[in-house]
Amino acid sequence: MPTTTMTPEQEPQNVSLANSRFLRACRRESVDTTPIWLMRQAGRYMAEYRALRERYTILELIKAPELACEVTMQPINAFDLDAGIIFADILPPLEGMGLHLEFIKGEGPHIDNPVRTAADIDGLRVTLPEESLWFTLEAVRLARRELDGRGLPLIGFSGAPFTLASYAIEGGSSRNHVHAKSLMMGEPALWARLMEKLTEVVGQYLLAQARAGANALQVFDSWVGQLSPDDYRRHVLPYSQRAIGIARQAGVPVIHFGTDTNGMLELIRDAGGDVIGVDWRINLAEAWQRLGNGVSIQGNLDPVALFAPWPELRERARRVLDSAASAGRPGHIFNLGHGILPGTPVDTVRRLVDFVHEYRVP
Ligand code: CP3
């Protein structure tokens, strides 16, 4: 869907959408107040989500478009957020490639046939997202319709090739990424073959979400901070760059997020993205200074701050906002530095969202 050629006459309801705070901030345009959404804003900290999870597994929720749409709307109904994010996970694309994915209670994701050998990598399928991830594309269409009435944009997302490679090789979450990094360091040609397949899957999946109606796309490279800048440059950057390049054909803004990226911030920017997401381990103004004028910034409150007493949290949120304002240019999207944690008090989330909207820089 070529959004660039769309006229207001054709899509009247999208005029306010294109002018929404969130999309304006993605484009580095001025806003009436700072937009805010929260990574993992739909999830276990909400009673409505837990109630659905008593009846369905997480994969069942993701694969039933109407349920995924319902979960997407839960935080939108509860808080004055500036964008929805489609309810899905970064790992189902690996299932489409032939890996057996399950989520084990109290443990997280588990893959019982991880990729370790050349034969494993050659056996991975690269299928069209319309075939293997149709449920999320359909959920995007449904959520887009729900959000239209409220003038709110919808964010689609994917894991980045490296973070997906880590799960595919390790078979689950990992502290040191020993298997993944060993393949990268010891068998660079094999690593490249795997990354090429993942890049194609990620790029096409992002593009398909935008074509189904997502107004922005976020690439999660959650574990990229585990790499040296040199390894990132050689073994990861070209693939993230290509995946983001494919996604950008849709003409919607791309948010490029990683954690622990202090040592490679400029490289993350060079890999692409209209908005760079940073965590709390770096001062936001300093990060934005390093990133330069060409990108917006998203972040970067420590998710644990939502467990602090309100005056302390307010002070920390204020410091993030003041830090962004000190840059003297538009383009800040308030978010946490990583996903919201289970157990976060719902009333605190509401207070934080309202505080960000009401705050005016002194
Ligand atoms: O932001 C949103 O509201 C959209 C939903 C979303 C989920 N996962 C739902 C989910 C998003 C954007 C993700 C991304 C995701 N998934 C990432 C990247 C972001 C990050 O946190 O770094 C990663 C690494 C994953 C992989 C994943 N999914 C893990 C490691 C786990 C288990 C750990 C945990 O938090 O339980 C999941 C499960 C998961 N994905 C849950 C949710 C709401 C919780 C599972 C449940 O309902 O029991």
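Details of the structure are given in the entry above.
Thresholds, definitions, all that
- Residues numbered from 1 in each chain as written.
- Predicted model: local features only at pLDDT ≥ 70, side-chain atom pairs only at ≥ 80, totals over all residues.
- Heavy atoms only, no water.
- Helix = DSSP H or I, 4+ residues; strand = E, 2+ residues; numbered from the N terminus.
- Buried < 20%, exposed > 50% of the residue type's maximum accessible area, 1.4 Å probe, protein only.
- Contact = heavy atoms within 4.5 Å.
- Areas by Shrake-Rupley, 256 points an atom, 1.4 Å probe, with all protein chains shown as cover.
- Lys, Arg positive; Asp, Glu negative; His and termini not counted.
- Charge placed at Lys NZ, Arg CZ, Asp CG, Glu CD.
- Phe/Tyr/Trp six-rings, centres within 6.5 Å; stacked < 30°, edge-to-face > 60°.
- Near = heavy atom within 4 Å.
- Polar contact = N/O pair within 3.5 Å; in protein donor to acceptor, adjacent residues only side chain to side chain.
- Nonpolar A, V, L, I, M, F, W, Y, C, P; charged D, E, K, R; others polar.

Colleague: Quick question: what am I supposed to make of the overall build of the protein chain here?
Modeller: Looking only at helices and strands, the protein chain features 18 helices and nine strands. Its C-alpha atoms give the protein chain principal-axis dimensions of roughly 60 × 45 × 40 Å. Out of the 362 residues belonging to the protein chain, those deemed buried represent 57%. Of the contacts made within the protein chain by residues no fewer than 6 positions apart, 73% connect residues no fewer than 24 positions apart. Surface exposure of the protein chain reaches about 15,000 Å², of which carbon and sulfur atoms provide 49%. Counting 37 positive and 43 negative side-chain charges, the protein chain places the averaged centre of each group 3 Å from the other.

Colleague: What is the right way to look at the packing of aromatic side chains in this model?
Modeller: On inspection of all chains with the given rule, the structure shows eight aromatic pairs. Summarising the aromatic geometry, the rings of Tyr49 and Phe87 are spaced 5.7 Å apart at their centres and angled 55 degrees between planes, so their arrangement reads as tilted. Of this pair, Tyr49 sits in helix H3 (residues 47-55) while Phe87 sits in the loop between strand S1 (84-85) and helix H6 (92-96), placing them 38 residues apart in sequence. Each member of the pair, Tyr49 as well as Phe87, is classed as buried.

Colleague: Looking at this model, I keep getting lost on the site of the ligand. Mind explaining?
Modeller: As a structural note, the neighbourhood of the ligand is formed by 25 residues, with Arg40, Tyr49, Asp89, Ser222 and His338 the closest of them. His338 has a polar side-chain atom sitting 2.5 Å from an oxygen atom of the ligand. Protein chains shield 89% of the accessible area of the ligand, which is 870 Å² for the free molecule. Looking at the shell around the ligand, the elements that each hand over two or more residues are H3 and strand S3 (108-111). Split into classes, the residues belonging to the shell around the ligand amount to 15 nonpolar, six polar and four charged.

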